[in-house]
Amino acid sequence: MNIGSRSLKKLPEIVKETISSREVGDEKPVMFFAQDEGIFGRISGVRRSWSPTGIRPKAPRQIVRKYLYAYAAVCPNTGEMVSLVLPRAGNKKE
């Protein structure tokens, strides 16, 4: 269950609601996970630079856009962690 924008002051109510909505006989423990995401990548592009008059510096050009998406969630009580590392995420087409 994603608490989202719901206040953590209401956490006990949310837990009771979640447990009461489970199927009969479901005794699995309720675990809370903290999550984070990150995008790691490389973007290279040509930029202006200063050089003395009469000298033109060599600036090889290779525009590269490569990304890696990382998602992780951890349960503070048990230390259990789940993570995904993906070459792309979402609906964006390359």
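Residues numbered from 1 in each chain as written. Predicted model: local features only at pLDDT ≥ 70, side-chain atom pairs only at ≥ 80, totals over all residues. Heavy atoms only, no water.

### Here we look at the overall build of the chain
Point 1. From N to C terminus, the chain includes one helix and three strands.
Point 2. Across the 94 residues of the chain, 7% fall into the buried class.
Point 3. For the chain, the share of sequence-separated contacts (at least 6 apart) that also reach a separation of at least 24 residues comes to 41%. (Helix = DSSP H or I, 4+ residues; strand = E, 2+ residues; numbered from the N terminus. Buried < 20%, exposed > 50% of the residue type's maximum accessible area, 1.4 Å probe, protein only. Contact = heavy atoms within 4.5 Å.)

### A few points about the pairing of strand S3 (residues 81-86)
Moving residue by residue along a regular strand, the side chains alternate between the two faces of the sheet.
Point 1. Here strand S2 (residues 65-74) pairs with S3 via six bridges, running antiparallel. Bridge pairing in S3 places Ala73 opposite Val82. (Pairing = 2+ DSSP bridges.)

### Regarding the environment of Lys66
Point 1. Inspection of the secondary structure assignment puts Lys66 in strand S2.
Point 2. Between the C-alpha atom of Lys66 and that of Arg88, which follows or precedes it by 22 residues, the distance is 9.7 Å.
Point 3. Setting aside residues no more than four positions away along its own chain, Lys66 makes contact with Phe40, Gly41 and Arg42.

### A few points about the confidence of the model for the chain
For residues with low pLDDT, the predicted coordinates do not support detailed interpretation.
Point 1. Looking at the chain as a whole, its pLDDT mean stands at 80, while 79% of the residues score no less than 70.
Point 2. At the low end of the mean pLDDT range in the chain sits strand S1 (residues 34-43), at 82; at the high end sits S3, at 91. (pLDDT = per-residue confidence, 0-100.)

### Looking at a nonpolar patch on the surface
Point 1. Together, Ile19, Val30 and Phe32 make up an exposed nonpolar region whose accessible area comes to about 220 Å².
Point 2. Along the chain, the position of Ile19 falls in helix H1 (residues 11-20).
Point 3. On the accessibility criterion, Ile19 (40% relative accessible area) is partly exposed. (Patch = residues over 30% accessible without salt bridge, like charges linked within 9 Å, V, L, I, M, F, W, Y side chains within 5 Å. Areas by Shrake-Rupley, 256 points an atom, 1.4 Å probe, with all protein chains shown as cover. Salt bridge = Lys/Arg side-chain N within 4 Å of Asp/Glu carboxyl O.)

### Some points on the environment of Ala72
Point 1. Looking at where Ala72 falls in the secondary structure, it is placed in strand S2.
Point 2. Residue classification places Ala72 among the partly exposed residues on the basis of a relative accessible area of 31%.
Point 3. Considered as a pair, Ala72 and Val82 are 10 residues apart in the sequence and their alpha carbons are 5.7 Å apart.
Point 4. Contact partners of Ala72, with chain neighbours within four places excluded, come to Ala34, Gln35, Asp36, Val82 and Ser83.

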